[in-house]
Amino acid sequence: KIAEEGLCGPITLVLDNAFDINTTIKNADAILAWKPDVFIEYGVDEKSNTMIARKAKEKGVWILGLDVPAEGFPFMGGDNWANGVLGGNYAIEQIQKKFGGIDKVDRVYYCWNPNFGEVVSYRMWGAHKVMVAKYGHVVDFLATPSKAVQVEVNNDFQSPWMDVLAKYPDDKNIVVFSPYEAASGGMYAAAKTLGKWDPERILLVSCGGDDLGRPLLRSGITDATA
């Protein structure tokens, strides 16, 4: 009302989705009830984004989808497939330099979060595509036998890594593709806890950059991020 009467400039409401689907839906309902002129939605789950987009259409609210599309509205974000391909190609270069070839690699991990939906999963599949094209079934977690493993994380970024690293206690040289920085940090924390962290033996590539990415890179935890 204050803005409508010209007593102040535009008002911005910012709510934190905290990478949580239920929080995202509650926040969207609050924003739509506020009747904004523009709704910039950064929700990481495709299904809830679709539901939010349909509610917005009913209320006549315009959405800009960030990172993950909101059905029927413009989308602005990174190219998830290109990020994965970029990470995969970088890993291929480093596998030779760091380990002396794929034969010297004990395990390749492809991490993903199923709650983020198909669009974000392209980060993993892009890396998977170029790795398999280069090295064949040996790095394909869909093939048997293979040294590749798919790791699923949700809101708990560390426990899944604890489980999978403990499953292969004799591994030394490891390649990791992580879809975002929190999962990379979880891998580092798990390896550190188990006494397996060695930056010379772990190639950790994040396929989605955010604010956490810079300190992880600068401290030598991740080797690269998109």
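The shown structure was predicted, so the numbers you read here are calculated from the model rather than taken from an experiment.

Procedures and definitions
- Residues numbered from 1 in each chain as written.
- Predicted model: local features only at pLDDT ≥ 70, side-chain atom pairs only at ≥ 80, totals over all residues.
- Heavy atoms only, no water.
- Helix = DSSP H or I, 4+ residues; strand = E, 2+ residues; numbered from the N terminus.
- Contact = heavy atoms within 4.5 Å.
- Pairing = 2+ DSSP bridges.
- Core = buried A, V, L, I, M, F, W, Y, C linked by side-chain atoms within 4.5 Å.
- Buried < 20%, exposed > 50% of the residue type's maximum accessible area, 1.4 Å probe, protein only.
- Disulfide = S-S within 2.5 Å.
- Arc of directions from axis to C-beta.
- Axes fitted to C-alpha atoms, helices over the stretch in contact; angles between N-to-C directions.

A. Inspection of the environment of F73 at higher detail. With respect to the helices and strands, the residue F73 is situated in the loop between β2 (62-66) and β3 (75-76). Ignoring any residue separated from it by four or fewer positions in sequence, one finds F73 in contact with A53, A56, K57, V61, W62 and I63.

B. The arrangement of the sheet that holds strand β1 (residues 38-41) in detail. Spatially, the three strands line up as an open sheet ordered β1-β2-β3, and their pairing is parallel. The sheet is open, and its two edges are formed by β1 and β3, each paired on a single side. As defined by bridge partners, β1 adjoins β2 across four bridges and the pair is classed as parallel. Residue pairing across strands places F39 opposite I63, the latter belonging to β2.

C. Expanded view of the nonpolar core. Ranked by internal contacts, the top residues of the largest apolar core, which has 24 residues, are Y109, W161, L165, V176, M187 and I202. Where this core is concerned, the elements lending two or more residues are β4 (107-112), β5 (148-152), α5 (159-167), β6 (174-178), α6 (181-193) and β7 (202-206). Examining the composition of this core, we find that four residues originate from one element, α6, more than from any other. Leaving out residues up to four positions away in the same chain, Y109 has contacts with V149, V151, W161, V164, L165, Y168, D171, I174, V175, V176 and F177. Counting residues in hydrophobic clusters, the runner-up holds 22 residues, among them M124, A127, F177 and V205.

D. Seen up close, the state of the cysteines. Following the criterion strictly, the structure yields zero disulfides and no others. Free of any disulfide, C111 has its nearest cysteine sulfur in C207, 9.8 Å distant. Given the relative accessible area of 1%, C207 is considered buried.

E. Local environment of α5. Along α5, the residues that are buried comprise P160, W161, V164 and L165. Looking down the long axis of α5, one finds its buried residues gathered within 120° of arc, a one-sided arrangement. The exposed residues of α5 that point more than 90 degrees off its buried face are D163 and K167. Its buried side turned inward, α5 meets β4, β5, β6 and α6.

F. Spatial organisation of the sheet that holds β7. The strand order β5-β4-β6-β7-β8 describes an open sheet built from five strands, whose pairing is parallel. Edge positions in the open sheet fall to β5 and β8 (224-225), since each of these has one partner strand only. Bridge count between β7 and β8: two bridges; the pairing is parallel. Of the residues in β8, the one forming a bridge with S206 is T225. Of the strands in this sheet, β4, β5 and β6 touch helix α4 (residues 117-135), which is tilted by about 155° from β4.

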